[in-house]
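Now for the letters of each chain:
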Amino acid sequence: MWRLLDQLADLERRASALYGRFGRLYERSPLVASFWQEMASEEQLHALIVAAAREVFPSSAPAPDGEWQQKLASVDQLLSTAESKAAVGLALEDAFAIAEQVEASELNAMTELIIHHAGSRFSRLGPLVGQAGVDRHRDKVLEARRRFCETGG
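Because the structure is a prediction, the values reported are computed rather than measured.

This part takes up helix α3 (residues 68-87). Spanning 20 residues, α3 covers 28 Å between terminal C-alpha atoms, matching the ideal 28 Å at 1.5 Å per step. Those residues of α3 that are buried lie in contact with α1 (2-25), α4 (92-104) and α5 (106-118). Taken from the residues just after α3, Gly89 is the one with a positive phi, measuring 90°.

See below:
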């Protein structure tokens, strides 16, 4: 279980770094940059919550049922491709397209499952779990895309 948590937390950190990179790419548009930095912070929170799930699960606990390694590998590939594209710069519309893919991937579903599986057994992080916003991330990206790409905002 801890191996799964470590791998998932690492993917969440990579998503955070990707969104942070987007924020730096569009720093000349403060509202756009702020949106990406907020997304980066939320992904970092997801990573923290997943990593902290060790307090709930013993290291020998079995992972929940599912094709975890296949899903993790799929998200890893998606992030690797996105990281490569972001390294050379991209249009804002392309950044949003990548974010939509990340948010529609198994990453959020896996994180949400871990959070649900851990339930209220988190001690000090309990209040943060409710604020994680995993289930709202894709909608947030879609709304920002409409705001910043369709209206030129």
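On we go.
This structure, assessed with the given rule, holds nine salt bridges. A salt bridge links Arg14 to Asp76, with the nearest nitrogen and oxygen atoms 2.4 Å apart. Of this pair, Arg14 sits in helix α1 while Asp76 is found in helix α3, placing the two residues 62 residues apart along the sequence. One salt bridge connects Lys140 with Glu38, and the closest N-O pair in it is separated by 2.4 Å. In this pair, Lys140 sits in helix α7 (residues 137-150) while Glu38 sits in helix α2 (residues 30-52), placing the two residues 102 residues apart along the sequence. We classify Lys140 as partly exposed; its relative accessible area is 22%. A single salt-bridge network, built from bridges that share partners, covers Arg14, Asp76 and Glu83.

Compared with an ideal rise of 1.5 Å per residue, which puts 13 residues at 18 Å, α4 spans 18 Å between its outermost C-alpha atoms and is within 8% of the ideal. Those residues of α4 that fall on the buried side of the exposure criterion are Leu92, Ala95, Phe96, Ile98, Ala99, Glu100, Val102 and Glu103. The secondary structure elements touched by the buried residues of α4 are α1, α2, α3, α5 and α7.

As a further point, take the packing of aromatic side chains. Within the structure shown, the criterion is met by seven aromatic pairs. With 5.5 Å between their ring centres and 35° between their planes, Tyr19 and Trp36 make a pair best called tilted. Of this pair, Tyr19 sits in helix α1 while Trp36 sits in helix α2, and the two are 17 residues apart along the sequence. Each member of the pair Tyr19 and Trp36 is classed as buried.

Okay, the nonpolar core next. Counting 41 residues, the largest nonpolar core has Leu18, Tyr19, Phe22 and Trp36 as the members making the most contacts within it. Of all the secondary-structure elements, those providing two or more residues to this core are α1, α2, α3, α4, α5 and α7. The leading source of residues in this core is α1, at nine residues. Apart from the residues lying within four places of it in its own chain, the contact partners of Tyr19 are Trp36, Met39, Ala40, Glu43, Ala99, Val102 and Glu103.

About the thresholds
- Residues numbered from 1 in each chain as written.
- Predicted model: local features only at pLDDT ≥ 70, side-chain atom pairs only at ≥ 80, totals over all residues.
- Heavy atoms only, no water.
- Helix = DSSP H or I, 4+ residues; strand = E, 2+ residues; numbered from the N terminus.
- Expected span 1.5 Å × (residues − 1).
- Contact = heavy atoms within 4.5 Å.
- Salt bridge = Lys/Arg side-chain N within 4 Å of Asp/Glu carboxyl O.
- Buried < 20%, exposed > 50% of the residue type's maximum accessible area, 1.4 Å probe, protein only.
- Phe/Tyr/Trp six-rings, centres within 6.5 Å; stacked < 30°, edge-to-face > 60°.
- Core = buried A, V, L, I, M, F, W, Y, C linked by side-chain atoms within 4.5 Å.

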